[in-house]
Amino acid sequence: MEFSTVLQSLLSGLTLGCIYAALGLGLYVVYGVTRVLNLAQGEFVMLGGMITVSLSAFGVPLFPAILLAVAIVSLTGAILYRFIIFPARHASGSTLAFLTVGFAFAVKGLTLLVWGWEYRTLTSFLGSPSIHLWGATIFGQAPWVVGMTILMVAGLYYFFGRTMLGRALRACADEPLGAKTIGISPARMGLLAFVIAAALGAVAGATITPLTMTAYNVGIPLTIKGLLAAFVGGMHRAEGVILGGLLLGLTEALSAGLMPSGYHDAIALSILLVVFLARPRGLLPAHANIED
Amino acid sequence: MTGGNRDLVLEMRDVHASYGPFIALQGVSLGIEYSEIAALVGPHGGGKSAALKTVCGLLPTTRGDILFEGERINGLPVERLASRGIVYVDERRLIFASMSVMDNLLLGAYTRRRRAGNAVVREDLQTVFKLFPILAERQKQSAGTLSGGEKQMLTIGRAFMSSPRLLLLDCPSLRLAPILVKRVMGAIAELREHGITTILVEQNVKAVSHIADHGYFMEKGRVVARGSPDELLSHSNGSRLVS
């Protein structure tokens, strides 16, 4: 087997892994704070891509277009929380998850009405379609996808680890009643979590569109990939979700690149299943809380 | 609604409350003065914790009024009451397990940090460390790895960081060794020096007899006796209370 083939698969896997990690992080933020499995996360990604494509088509420069898309999608996240999740906040986890599915279908339908069924794309951010590296070829957008994920992770680490607002969000995740008793409103923090997840989704959507294209129906498959990353890595720790995403991406790319065609999905999913069975609570241990 | 007795930090007037079909409080009336330590004592299921929970907004009242500094507070959510100075410490010690001891304490001052300023928050942090030196030693340690006694100190310290005007402590001695009970009760007594009014729920009258100014004996959702800790102790002996 040639070095360039392995390298090609590794680089593709890294890129895919970063996409899945970004998706999983959006799910992690919402689940961590509100315990809601937001099955509309992929729609935020799809909307981020679609809005950026449209604004670019209207002549808005790329980065202002992304910022506007992030603002609009964040508002969508706020609407989902304020008008659907918050009124039903006392319902069971599965009911809340189903509500997000309903929202996802509504967004999908509206997107079909507004944008039609065509796939749309953006040009690579720096214009170069591909990069050649030691015999392997990667898409010119791939480094942007990796960079976006690294920035996202660094931003989340700073926000959750260094700012009081981030700590307050974590407090709601750890112990919602404890947070309430010191004046932190879980409802406000829940809204913020949905807005952050939507913003992360929009950034991811704009960044991956030159690579994967976007259309009204890409949201749910993206959500499923994000869920896989989050479940395999473990929803209780961001590091686990990132590892889960990378593992999923690398497994997919390596099995597609190195195994006979037709088997790669089965092989990738089998490997993930083995990992999941071996570590059902995620790749990394949960934070300790010793009972009295 | 206003019109309560301004000398009282808290007044409960004929308060009724239920946990679904189970009646928890049946016409509880009491008054707590500024800077005092009041104890709610009595047997398990007597309504002590339910009374605290109605004050902090966790248990809705079905009848009656709760007045905080003369203002009616029935129905206000827990977090808004906490911002107004009513801070509840649950018997389950609801610490933020994934965060450090220091982060837990700083979060106590979350709602007032801008208003109070960093210097005041730092000063309060030093007060907590004086009350509970073990927390200073363990400030970088993950809160989830603390022992039961240390967690109790952390929850009281975190509540102090919120600058409460009324501190509601639900069974702070629960599952603690006698030496730790003494230390925790000593710290609660010291909080009075900072102008904090405290209501303390305990099953064990003896545990609070040295620090409480007065108390209420509760049974079957009613206040059946009130008086000094010694008077309550004799009442509890008469009603077969474990002591």
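Quick look at the structure, then. In this text the structure is predicted, and so the values were computed from the model without any measurement.

A word on the overall build of chain A. Check the secondary structure of chain A and you find eleven helices and two strands. In chain A, the succession of α and β elements from N to C terminus is α-α-α-α-β-β-α-α-α-α-α-α-α. Judged by the C-alpha coordinates and their principal axes, chain A covers about 60 × 50 × 35 Å. Counting the 292 residues in chain A, one finds 50% classified as buried. Long-range contacts, defined as pairs at least 24 residues apart, comprise 76% of the intrachain contacts of chain A with a sequence gap of at least 6. With the model as given, the accessible surface of chain A reaches about 13300 Å², and the carbon-plus-sulfur share is 71%. Taking the 14 positively charged and 10 negatively charged side chains of chain A as two groups, their mean positions are separated by 10 Å.

Further remarks concern the packing of helix 5 (residues 142–162) of chain A against helix 8 (residues 186–212) of chain A. All names here are of chain A. At a minimum axis separation of 8 Å, helix 5 and helix 8 run at an interaxial angle of 165°. Judged on the interaxial angle alone, helix 8 and helix 5 are roughly antiparallel. Between helix 5 and helix 8 the crossing geometry is right-handed. Within the contact between the two elements, helix 5 uses Ala 142, Trp 144, Val 145, Met 148, Met 152, Leu 156 and Phe 159 and helix 8 uses Leu 192, Ile 196, Leu 200, Val 203, Ala 204, Thr 207, Ile 208 and Leu 211. Looking at side-chain class alone, the contact of helix 5 with helix 8 contains 14 nonpolar, one polar and no charged residues.

This part takes up the interface of chain B and chain A. At the junction of the two partners, chain B supplies 32 residues and chain A supplies 25 residues. Interface area, chain B with chain A, both sides summed: about 2500 Å², of which 61% is carbon and sulfur. In terms of surface lost to chain A, no three residues of chain B exceed B:Glu79, B:Ser98 and B:Tyr110, which account for 23% of the buried area on that side. Counting across the interface, chain B meets chain A through one salt bridge. In this structure, A:Arg167 and B:Asp103 form a salt bridge, with 3.1 Å as the shortest nitrogen-oxygen distance. Our count for the chain B to chain A interface comes out at four residue pairs in polar contact (both at pLDDT 80 or more). Put simply, the parts of the chain that give the side of chain B that touches chain A at least two residues each are helix 2 (78–83), strand 6 (86–89), helix 3 (101–108) and helix 7 (148–161) of chain B. When grouped by side-chain class, the residues that make up the side of chain B that touches chain A number 14 nonpolar, nine polar and nine charged.

Next up on the list: the environment of A:Gly233. All names here are of chain A. Tracing the backbone through its elements, the reader meets Gly 233 in helix 9 (residues 219–233). Residue classification places Gly 233 among the buried residues on the basis of a relative accessible area of 1%. Placed 181 residues apart in sequence, Gly 233 and Thr 52 show a C-alpha to C-alpha distance of 30 Å. In this view, Gly 233 contacts Gly 240, Val 241, Gly 244, Gly 282, Leu 283 and Leu 284; residues no more than four positions away in its chain are not counted.

To describe a pair of aromatic rings, one takes the distance between the centres and the angle between the planes. This model, assessed by the stated rule, comprises six aromatic pairs over all chains. Here the aromatic rings of A:Phe63 and A:Phe125 are separated by 6.0 Å at their centres, their planes lie at 75°, and the arrangement is edge-to-face. Residue A:Phe63 is located in helix 3 (residues 62–85), and its partner A:Phe125 is located in the loop between helix 4 (93–115) and strand 1 (130–133); the two are separated by 62 residues in the primary sequence. On the basis of relative accessibility, which here comes to 14%, the residue A:Phe125 falls in the buried class. Geometrically, the ring pair formed by A:Phe159 and A:Phe160 is edge-to-face, given 5.2 Å between the ring centres and 70° between the ring planes. We note that A:Phe159, like A:Phe160, is buried. Members of the aromatic cluster, connected to one another through ring pairs, are A:Phe63, A:Phe125 and A:Trp144. Lying over the aromatic face of B:Phe96, B:Arg158 brings its terminal NZ or CZ to 4.3 Å of the ring centre.

All names here are of chain B. Throughout the structure, instances matching the rule amount to twelve salt bridges over all chains. A salt bridge links Arg 72 to Asp 65; its shortest N-O distance comes to 2.6 Å. On the accessibility criterion, Arg 72 (34% relative accessible area) is partly exposed. Among the salt bridges present, the one from Asp 213 reaches Arg 192, with a minimum N-O distance of 2.7 Å. Of this pair, Asp 213 sits in the loop between helix 9 (205–209) and strand 9 (214–219) while Arg 192 sits in the loop between helix 8 (178–191) and strand 8 (197–202); the two residues are 21 residues apart in sequence, bridging distant segments of the chain. Of the residues examined, Asp 213 reaches a relative accessible area of 35% and is grouped as partly exposed.

All names here are of chain B. Although it is not a glycine, Ser 35 adopts a positive phi angle of roughly 60°. Along the chain, Ser 35 falls in the loop between strand 2 (22–33) and strand 3 (37–41). Judged by its relative accessible area of 30%, Ser 35 falls in the partly exposed class. Positive phi, close to 50°, is recorded for Glu 69, a residue that is not glycine. By secondary structure assignment, the location of Glu 69 is in the loop between strand 4 (61–68) and strand 5 (71–72). We classify Glu 69 as buried; its relative accessible area is 18%.

About the cut-offs
Residues numbered from 1 in each chain as written. Chains lettered and ligands numbered in written order. Predicted model: local features only at pLDDT ≥ 70, side-chain atom pairs only at ≥ 80, totals over all residues. Heavy atoms only, no water. Helix = DSSP H or I, 4+ residues; strand = E, 2+ residues; numbered from the N terminus. Buried < 20%, exposed > 50% of the residue type's maximum accessible area, 1.4 Å probe, protein only. Contact = heavy atoms within 4.5 Å. Areas by Shrake-Rupley, 256 points an atom, 1.4 Å probe, with all protein chains shown as cover. Lys, Arg positive; Asp, Glu negative; His and termini not counted. Charge placed at Lys NZ, Arg CZ, Asp CG, Glu CD. Axes fitted to C-alpha atoms, helices over the stretch in contact; angles between N-to-C directions. Parallel < 35°, antiparallel > 145°, perpendicular 65-115°, else oblique. Left-handed = near helix turned anticlockwise from the far one by under 90°. Nonpolar A, V, L, I, M, F, W, Y, C, P; charged D, E, K, R; others polar. Buried area = accessible area lost by both parts, 1.4 Å probe. Salt bridge = Lys/Arg side-chain N within 4 Å of Asp/Glu carboxyl O. Polar contact = N/O pair within 3.5 Å; in protein donor to acceptor, adjacent residues only side chain to side chain. Phe/Tyr/Trp six-rings, centres within 6.5 Å; stacked < 30°, edge-to-face > 60°. Lys NZ or Arg CZ within 6 Å of the ring centre and 35° of its normal.

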